[in-house]
Amino acid sequence: MQRLRRLAHNTIAMNTLEKEKSYQADERGYYGDFGGAFIPEMLYPNVEELRSQYVQIMQEPAFQEEFKQLLMDYVGRPTPLYYAKRFSEKYGTKVYLKREDLCHTGAHKVNNTIGQILMAQRLGKTRIIAETGAGQHGVATATVCALMGLECIVYMGAVDIERQAPNVARMKMLGATVRPAMSGSRTLKDATNEAIRDWINNPVNTHYIIGSVVGPHPYPDMVARFQSVISEETKKQLLEKEGKENPDYVVACVGGGSNAAGLYYHYLDQPDVGIIAVEAAGKGVDTGESAATSALGREGIIHGSKTLLMQTDDGQITEPYSISAGLDYPGVGPMHANLFRSGRGEFISVTDEDAMTAGLELSKLEGIIPAIETSHALAIFETRKFKKDDIVVINLSGRGDKDLNTYIDYFKL
Amino acid sequence: MNRIKQKLQEDKKLLSLYFTAGYPAIDDTVSILTQLQESGVDMVEIGLPFSDPLADGPTIQESSTAALHNGMTTEKLFSQLDGIRETIHIPLIVMGYFNPMLQYGVEKFCKRCQEIGIDGIIMPDLPLAEYEAEYKAIFEKYGLINVFLITPQTSDARIQQLDAASDGFIYMVSSASTTGGTSGFSNTTSDYFERIAAMNLKSQQIVGFGISNEETFKAATTHQKGAIIGSAFIKHITKNGANSVASFVETIR
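The rules behind the values
Each chain carries its own residue numbering, running from 1 in the written order of its sequence. As a convention, the first chain written is A and the first ligand written is 1, with the rest following in written order. Local features in this predicted model are restricted to residues whose pLDDT is 70 or higher, and side-chain atom pairs enter the listing and the counts only when it is 80 or higher, whereas totals over whole chains, interfaces and linings include all residues. Note that the side-chain values use all heavy atoms of the structure and ignore hydrogens as well as water. Put simply, DSSP marks the helices as runs of H or I at least four residues long and the strands as runs of E at least two long, and each gets a number from the N terminus on. Here the radius of gyration uses the C-alpha set of atoms, whereas the globule reference equals 2.2 Å times the residue count to the power 0.38. Burial classes follow relative accessibility: with a 1.4 Å probe on protein chains only, a residue under 20% of its type's maximum area counts as buried, one over 50% as exposed, and anything between as partly exposed. Using a 1.4 Å probe, the Shrake-Rupley method yields the accessible areas, and only the shown protein chains count as cover for residues. Positive charges come from Lys and Arg alone, negative charges from Asp and Glu alone, with His and the N- and C-terminal ends not counted. Charged side chains are reduced to one point each, which is NZ for Lys, CZ for Arg, CG for Asp and CD for Glu. Any two residues having at least one pair of non-hydrogen atoms within 4.5 Å are treated as being in contact. For any pair of parts, buried area is found by adding up, for both, the accessible area (1.4 Å probe) each one loses once the two are put together. One side-chain nitrogen of Lys or Arg within 4 Å of one carboxyl oxygen of Asp or Glu is enough to make a salt bridge. The nonpolar core is taken to be a set of buried Ala, Val, Leu, Ile, Met, Phe, Trp, Tyr and Cys residues, with the residues joined through side-chain atoms within 4.5 Å. Only when DSSP finds a minimum of two bridges between them are two strands counted as paired. Only the stretch in contact is used when fitting a helix axis, every axis being a line fitted to C-alpha atoms; angles between N-to-C directions are given from 0 to 180 degrees. Per-residue confidence from the predictor is reported as pLDDT, which spans 0 to 100. The handedness of a crossover follows from its direction of travel: if, with the strands pointing away from the viewer, the path from the first strand over the helix to the second runs clockwise, the crossover is right-handed.

On to the overall build of chain B. Looking only at helices and strands, chain B has 12 helices and nine strands in total. For 253 residues, the compact-globule formula gives about 18 Å, and the C-alpha radius of gyration of chain B, at 17 Å, lands near that figure. Principal-axis analysis of the C-alpha atoms places the extent of chain B at approximately 45 × 40 × 35 Å. Buried positions account for 61% of the 253 residues belonging to chain B. As displayed, chain B offers around 9300 Å² of accessible surface, 48% of which is attributable to carbon and sulfur atoms. With 20 positive and 29 negative side-chain charges, chain B shows a separation of 3 Å between the mean positions of the two kinds.

Here it is, written out as structure tokens:
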């Protein structure tokens, strides 16, 4: 049955010009075995409204123009593709950093929130909700709501509110209401549950801006499309610098996976480009305190999507751990689950310790303090060796300012 | 004949109650079911607890968390229910979220339900398209009725589609909300009850969400076949203990 359905999907995919790329989502939002929309009927009208219109809206010339203009004038795109000379020398290969840390608000997250706020306006929505873990997506959402003058409610786990006070203050300054998620473990997973419950209770006037390539179809595909500007720019920039669009490898950290989806997007179906996904091993994959979903997860349903997720034998979703709040999610976007299962992507997990060390190293070698999420991607070079003339592009997804307290505590700075 | 279908033919308004298995204590399941039957309840939804119950409000979330903490699992529930049909004759429905069912194995889950004598399943996050593509044949093989939900926002076309796919009753969510709302029904809600009744669907409707007392039960069953009470019942046993089922049911009718 599963196989038959997949065949049917592939046929649909092949018949649709736009979806000819095999590692992209098909018409029903499936990446191979993963994806779909496992949502209660209460959410069906909202999700169906979005699903039936998102591609069309995104392709409207006026939408494209406004989106690109804001990315340029407000976000500060294109972000540089920077050849990291000293880092490259140390590891004996050619490393480029895609500087998403230079985006307004300090991370790639804003590419998606700009896109979704324009989508919400076109759908006639007046109220915006979002979930946030460390607060980066919450800040990016509050920012675009201020920009457009829309009401903004951000759900954040009560535990995270305690841990991330500066981002809570930022959201408040930007005019957003921050509501604590008091259920479950009171972190990102529970904040997402609360945002979904809010949407159930406010089905008509509200748009839910999901922050990663997770959730029910069409979210993973829509968010990936908004983030795909990262690889679109990388192609052009690499052509200028190296005379070719394709690097040998693209490397990104993966929690839910939105920065990774953006960097991989235009390379997914270019077999000469190796895809490397870096997950958070926490204190070690086998310690019980980890967020390495590809190693620890099994197929299941989380937040409306069939994907790989960390769960008990009985199907209860478990709590992940990572020093980085942005990688602290028990699932992974369905695109990445498919990259893992199909073997298209190489998955590596990195411990807290190795990530922190790599973050400090990049600061000293290149004068760039990375977010701890990003530091995981930087840490693979100690063990994963590349050839001297390999071109490796790393998504420098965010800056480290938000993590200063963690760096201070860890290194006793 | 499936007990749900039989019950729907009776000439009365149906009172159905939901409780979370494993709450307040792990071994309360059989006792609560027995009391529900003795109190004259027509049908029961047995809640299989889940860590992330998206469609539920705080009361059912908390009872689910407590039940999981008490050690409730899918297998544990099935073992408690083995042999239940020697004493319990009213229709029994298992209600939960799809991931635990998926991990148990959908076919194995359905087979165990049939062995126990479960009549139907409500999985709010198993949508119609997925059900029909992958699981309908399995549910039917084991004689299980799958119950679909509609809300005030569900379009007429979608309602027709769900009605056509339905083999038992339609679960009518009373308003745009998670479970456990207590504000009573507005005029809009009454209009919705009338509108759906006027559609002359082949499936009868049972209303759930926001039904907490005699007044809301009566309002919900003016145009529909029955109503389901969940959160209000759980609050009652939280306060009065697992042996207080009859005193709750008496307040409803």
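Quick look at the interface of chain B and chain A now. Listed as interface residues are 37 residues of chain B and, on the opposing side, 37 residues of chain A. Overall, the association of chain B and chain A removes approximately 3000 Å² of surface from exposure, summing both partners, and the carbon and sulfur fraction of that is 52%. On the chain B side of the contact with chain A, B:Leu54, B:Gln103 and B:Glu134 bury the most area, a combined 20% of that side's loss. Counting across the chain B and chain A interface gives three salt bridges. A:Arg28 is the partner of B:Glu130 in a salt bridge, and the nearest nitrogen-oxygen pair spans 3.3 Å. Of all the elements in the fold, those that place two or more residues in the side of chain B that touches chain A are α3 (58–69), α5 (98–104), α7 (128–141), β6 (148–150) and α8 (156–165) of chain B. At five residues, α5(B) tops the list of elements feeding residues into the side of chain B that touches chain A.

Core analysis: the largest hydrophobic core is formed by 183 residues, its most contacted members being A:Tyr264, B:Phe109, B:Phe139, B:Tyr171 and B:Phe233. Each residue touching A:Tyr264, except ones within four places of it in the same chain, is listed here: A:Ser231, A:Val250, A:Ala252, A:Val254, A:Ile275, A:Ile276, A:Ala277, A:His336 and A:Leu339. Counting 29 residues, the second-largest nonpolar core is a separate cluster that includes A:Leu97, A:Val350, A:Leu378 and A:Phe381.

A word on the pairing of strand β5 (residues 127–132) of chain A. Residues and elements named next belong to chain A. Along β5, six of the six residues are buried, which leaves the element largely enclosed by surrounding structure. Neither face of β5 is exposed, since Arg127, Ile129 and Glu131 on one face and Ile128, Ala130 and Thr132 on the opposite face are all buried. Pairing of β5 with strand β6 (residues 151–157) involves six bridges; the strand directions are parallel. Following the sheet pairing, Ala130 is matched in β6 by Val154.

Right, let's get into the sheet that holds β6(A). Across a sheet, strands are paired by hydrogen bonds formed along the backbone, either parallel or antiparallel in direction. Residue and element names in this part refer to chain A. Spatially, the four strands line up as an open sheet ordered β7-β6-β5-β8, and their pairing is parallel. Single-partner strands in this sheet number two, and they are β7 (177–181) and β8 (206–209). Ignoring strand direction, the axes of neighbouring strands in this sheet form an average angle of 25 degrees. Along the sheet, helix α8 (residues 165–173) contacts β5, β6 and β7; its crossing angle with β6, the most-contacted strand, is approximately 165 degrees.

For chain B, per-residue confidence averages 96 on the pLDDT scale, and residues scoring 70 or more make up 100% of the total. Prediction confidence for the complex, expressed as pTM and ipTM, is 0.95 and 0.94 respectively.

Now for the pairing of strand β10 (residues 274–282) of chain A. A regular strand places its side chains on the two faces of the sheet in alternate fashion. Residue and element names in this part refer to chain A. The buried count for β10 comes to nine of nine residues, which makes it a mostly enclosed element. By the bridge criterion, five bridges tie strand β9 (residues 249–253) to β10 in an arrangement that is parallel. Pairing of Val250 across the sheet is with Ile275, part of β10. Taken together, β9, helix α12 (residues 258–264) and β10 constitute a β-α-β crossover, and its handedness is right-handed. Summarising the sheet, β10 and strand β13 (residues 345–351) pair through seven bridges and their orientation is parallel. Within the sheet, the bridge partner assigned to Ala277 lies in β13 and is Phe347.

Take the sheet that holds strand β2 (residues 43–47) of chain B next. All names here are of chain B. If you trace the nine strands from one edge of the open sheet to the other, you get β5-β4-β3-β2-β1-β9-β8-β7-β6, paired in parallel fashion. The outermost strands of the open sheet, each flanked by one partner alone, are β5 (145–146) and β6. As judged from the four bridges shared by strand β1 (residues 14–20) and strand β9 (residues 226–229), these two strands associate in the parallel manner. Across the sheet, the residue bridging to Leu17 is Ile229, located in β9. Along the sheet face, helix α11 (residues 231–240) touches β1 and β9 and points at about 55 degrees away from the line of β1.

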